[in-house]
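Below, each chain spelled out in residue letters.
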Amino acid sequence: MKYIIGNWKTNPNTLSEAKEIVKEVKRVANKAVLGGVQPIICPPNVYLSSLATNTTKLVFGVQDVWLNNDNSETGANSALLSKNLGAQVAIIGHSEARARGDTNEVISKKLLNAVKTGFTAVLCVGEISRDSKATYYSEVATQLRESLEGFPASKLVSLIIAYEPVWAIGDKAKSAASPTDFYEMAMLMRRTLTEQFPKDKAFNIPLLYGGSVDKKNAKSFLDIGADGLLIGRSSLKTKDFVEIIDCAITPKKK
Ligand code: PGA
């Protein structure tokens, strides 16, 4: 299965726009799942209950969850409450959440809470910038090791990892990473995971790419072996998002 995840961040500005995008994506969701692609939309939480229904193959997620499911956390996004509204996937450790103060230690707790609550967690990792000494490999390996500290091997079936180099994210980015950048980092991530977890389980964790994915470059990441894509801006352009889902579908052999 390939995962095409839309990370809407704090968009769109109105619920009616959100409903419009969801309506179009729902149209292709069945065909996508039959073709080995799981489309997932992570809207802002305030829209979740108006959008998430169990009537199609389109899966909904949240963009963060809190460390625990206590009921006295003003302003926190409870994993349990989101789950009860129909969310099944939780993005954790996005660079924008890291920039707001989420450390690897905090992320490890959020991950544990997410999977214990029944979510599939999408752990985001990625270096802030690249230097000629290639220290970014150890930066990402450390993020992985520390964020997955104490993560039970039995829950690895509920884990997806997205490599999102910070320098490639958002409208200030010059460009996406190259498919080769992704491939090399995926090898490093796979090796790091096999050092921490049983090999057979570590090899099955889906590795996604995210950062300036658009309808033009999406396929090149999938072709080089990405198990899916985490998409910001292009997931809000309905036609583009549908086109990306479409390009991920494996054509049936005749
Ligand atoms: P972008 O965002 O596709 O707009 O670069 C990706 C992300 O932040 O997950």
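Here is what the cut-offs are and how they apply
Residue indices begin from 1 for each chain and proceed along its sequence in written order. Only residues with pLDDT of at least 70 get local features here, since the model is predicted, and only at 80 or more are side-chain atom pairs given and counted; chain-wide, interface and lining totals rely on the full set of residues. Heavy atoms throughout the structure, all of them, feed into the side-chain values; hydrogens and water do not. Counting from the N terminus, the helices are the DSSP runs of H or I reaching at least four residues and the strands are the DSSP runs of E reaching at least two. Radius of gyration means the value over C-alpha atoms here, while the globule rule gives 2.2 Å times the residue count to the 0.38 power. Each residue's exposure class comes from its accessible area (1.4 Å probe, protein chains only) as a fraction of the maximum for that residue type: buried when under 20%, exposed when over 50%, partly exposed otherwise. Asp and Glu are treated as the negative residues and Lys and Arg as the positive ones, with His and the ends of the chain left uncounted. In this description, the location of a charge corresponds to atom NZ of lysine, CZ of arginine, CG of aspartate or CD of glutamate. Working definition: residue near molecule or strand if any one of its non-hydrogen atoms lies within 4 Å of it. Polar contact criterion, stated in full: a pair of N or O atoms within 3.5 Å, where within protein one must be able to donate a hydrogen and the other to accept it, and residues adjacent in sequence count only if both atoms are side-chain atoms. Here the Shrake-Rupley method, with its probe set to 1.4 Å, supplies the accessible areas, and only the displayed protein chains count as covering residues. Under the scheme applied here, ten amino acids are nonpolar (Ala, Val, Leu, Ile, Met, Phe, Trp, Tyr, Cys and Pro), four are charged (Asp, Glu, Lys and Arg), and all others, including Gly, are polar. The term salt bridge refers to a side-chain nitrogen of Lys or Arg lying within 4 Å of a carboxyl oxygen of Asp or Glu.

### With respect to the overall build of the protein chain
Looking only at helices and strands, the protein chain features 10 helices and eight strands. Relative to a compact globule of 254 residues, whose C-alpha radius of gyration would be 18 Å, the protein chain shows 17 Å and is just as compact. For the protein chain, the proportion of its 254 residues judged to be buried stands at 51%. Of the charged side chains in the protein chain, 33 are positive and 26 negative; the average position of the first set lies 6 Å away from that of the second.

### Here's the deal with the site of the ligand
Lining the immediate surroundings of the ligand are 13 residues, of which Lys9, His94, Glu164, Ser212 and Arg233 lie closest. Contact distances for the ligand include 2.7 Å between an oxygen atom and a side-chain N or O atom of His94. With the chains in place, 99% of the 280 Å² that the ligand exposes on its own is no longer accessible. Of the residues contributing to the shell around the ligand, the split by class is four nonpolar, six polar and three charged.

### Structural notes on the pattern of salt bridges
The final tally for this structure, using the stated rule, is 13 salt bridges. One salt bridge connects Arg190 with Asp227, and the closest N-O pair in it is separated by 3.9 Å. Of this pair, Arg190 sits in helix 7 (residues 179–196) while Asp227 sits in the loop between helix 9 (218–223) and strand 8 (228–231), placing them 37 residues apart in sequence. A salt bridge links Arg191 to Glu195, with the shortest nitrogen-to-oxygen separation between them at 3.9 Å. With a gap of four residues between them, Arg191 and Glu195 both fall in helix 7, about one helical turn apart. Overall, Arg191 belongs to the exposed group, its relative accessible area being 52%. For Glu195, a relative accessible area of 55% translates into the label exposed. Salt bridges linked by common partners bring Asp64, Asp102 and Lys110 together as one network.

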